[in-house]
Amino acid sequence: MKHALAEVLAWQDDPGSGLKPVERPAPNLASTMLPLTIDRRRQPPPPAEYRVATGAFRYWTAAEALRRAADFWAGIVPSTTEWWIGGALPVALDDGVDLNANYDRFGLHFYHQRLAGATVYTGESPDVLCHELGHAVLDAVKPQLFHTASMETAAFHEAFGDISAILSALQLEPVRRALIAATGGRYQSSQVSRLAEQVGAAVRRLRPDAADPDCLRNAVNSFSYRTPAQLPPWAPASQLSCEPHSFSRVFSAGFFEALCLMASDGQERLTEDRLREVALDAAGLLVDAIRSSPVPSRLFADVAARMVAAAGAVDRRYPRLLHSAFLRRGILSAAAEAGGDAPKSNVGLLTLSGRPFGLGETALIVQAAGGADESHAFVRWLIERGRIETPAGRFSAIPSHPHTVRSHRLVELDDQLVLERILFDCGFHARS
Ligand SMILES: [Zn+2]
């Protein structure tokens, strides 16, 4: 309580967004709902307005962004929601050299990398912080998504992370003002739609085509839905691939366009209050939709349809606007009445033959969403990208790539192998 009146200086949005740091009340990380703990073994710097580019500034800007995001989601999710790990979610603000960030169920991890004379800390960007926190929130709300072997489910997790970054930024009044000044609420590129500008610039130095020209990803884009099987395994940022971060842009764009339509409909001039209200409404519809979804193979369409079906109870204008945004994106079809053709749930364990993966007679057990073809394609993609860790010295048919983060592992169970996810890796992949 002694810090109740203290103020800290914090980024409003990404350090590369052009928006300056602002004064914010010192956050209480140990808040009763969705509590957090940062760098547990170190004494935090006393709350104060520190100079940008100091460790103490980075601590408080991270604490402020994470607490703001967790408080936002705490107001949306059921009041009994807990982190998957239970208790406070540990955050490691600087886990060593890498241009990366991840969520592994036991906490959030951020890193640093020196490039062209400057050091980029991924844990300094509210966009990256609130994206990773989004993975943890979605895992708390819908834990079954974590191990599901499907491209679309993995991409949905990434989309939720980006949506978390956008909605958390919109909790700050100056950010809402900047968005309205820049776009008037229309679906146009802005500080808010551009995600992780600073990390995006660092990624471009390492691999020029791996990020957008002005950010890592932009929720204002022209990508539309294709079944992941029709997409290339990876591609430059300017094209859609089935890689989860790339493919996630279809859903996050559909959601953000819906948000813009909901905000500006019937408004002569969009106000900051109205924008804040719509962010809450859209987040509530999204969380309710994913909670009630049976996680079919077409998860994007199922969540979109559920949002449309429930939206009328919130505001009678919403269903038409949501439907229009998701229709334009190819996520919903014109014929499909929202929530009409309820897809069957396909969640459950599925046994795949190990032979196509070079595992001989050893069967492979995965958690499925959709049929065997979808799971097969997902496993093949993980193998080709070198993303699976195997039991030591076994299964030489599964290659390992020295510079790729292993997101999954194979665990031996009797005579079979089980595919498990280790973490959601933020996937800058600039080195691979
Ligand atoms: Zn992610």
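Please read these numbers as outputs of a predicted model, since none were measured by experiment. (Residues numbered from 1 in each chain as written. Predicted model: local features only at pLDDT ≥ 70, side-chain atom pairs only at ≥ 80, totals over all residues. Heavy atoms only, no water.)

Colleague: Provide a residue-level description of the sheet that holds strand β16 (residues 424-425), including the pertinent values.
Modeller: In a beta sheet, neighbouring strands are held together by backbone hydrogen bonds and run either parallel or antiparallel to one another. Taking strand neighbours across the sheet as the criterion, the five strands line up as β3-β4-β6-β5-β16 in an open arrangement whose pairing is mixed. Every other strand in the sheet has two partners, leaving β3 (36-38) and β16 as the edge strands with one partner each. Looking at chain direction, β3 and strand β4 (residues 89-92) are connected through three bridges and run parallel. Of the residues in β4, the one forming a bridge with isoleucine 38 is valine 91. (Pairing = 2+ DSSP bridges. Helix = DSSP H or I, 4+ residues; strand = E, 2+ residues; numbered from the N terminus.)

Colleague: So what's going on with the pairing of strand β15 (residues 416-421)? Which residues, and what values?
Modeller: Of the pairings in the sheet, the one linking strand β12 (residues 364-368) to β15 comprises two bridges and is parallel in character. The residue bridging isoleucine 365 from the neighbouring strand is valine 418, located in β15. Across six bridges, the pairing between strand β14 (residues 408-413) and β15 is antiparallel. Looking at the pairing, leucine 413 lines up with glutamine 416 of β15.

Colleague: Outline the domain arrangement of the protein, supporting the account with residue identities and numerical values.
Modeller: Each assigned domain of the protein is listed here: domain 1 (7-125), domain 2 (151-328) and domain 3 (348-425). When the two sides are added together, the surface that domain 1 and domain 3 hide from each other amounts to roughly 380 Å², 47% of it contributed by carbon and sulfur. Per-residue buried area on domain 1 facing domain 3 is highest for Asn100, Asn102 and Tyr103; these three make up 72% of the total on that side. Along the contact surface separating domain 1 from domain 3 lie two residue pairs in polar contact (both at pLDDT 80 or more). Taken together, the residues of the side of domain 1 that touches domain 3 sort by class into two nonpolar, two polar and one charged. (Domains from an automatic or database assignment. Buried area = accessible area lost by both parts, 1.4 Å probe. Polar contact = N/O pair within 3.5 Å; in protein donor to acceptor, adjacent residues only side chain to side chain. Nonpolar A, V, L, I, M, F, W, Y, C, P; charged D, E, K, R; others polar.)

Colleague: Can you lay out the environment of proline 126 for me, pointing to particular residues and giving the numbers?
Modeller: Of note, proline 126 is situated in helix α2 (residues 126-141). C-alpha separation for the pair proline 126 and glutamine 267, spaced 141 residues apart in sequence, amounts to 29 Å.

Colleague: Just give me the short version of the packing of helix α6 (residues 244-264) against helix α9 (residues 318-328), but keep the residues and values in it.
Modeller: Remark: α6 packs on α9, axes separated minimally by 8 Å, with the N-to-C direction vectors making an angle of 145 degrees. Crossing hand, α6 versus α9: right-handed. Across the interface between the two elements, Phe251, Gly254, Phe255, Glu257, Ala258, Leu261 and Met262 of α6 pack against Tyr318, Leu321, Leu322, Ser324, Ala325, Phe326 and Arg328 of α9. Per-class residue counts for the contact of α6 with α9 are ten nonpolar, two polar and two charged. (Axes fitted to C-alpha atoms, helices over the stretch in contact; angles between N-to-C directions. Left-handed = near helix turned anticlockwise from the far one by under 90°. Contact = heavy atoms within 4.5 Å.)

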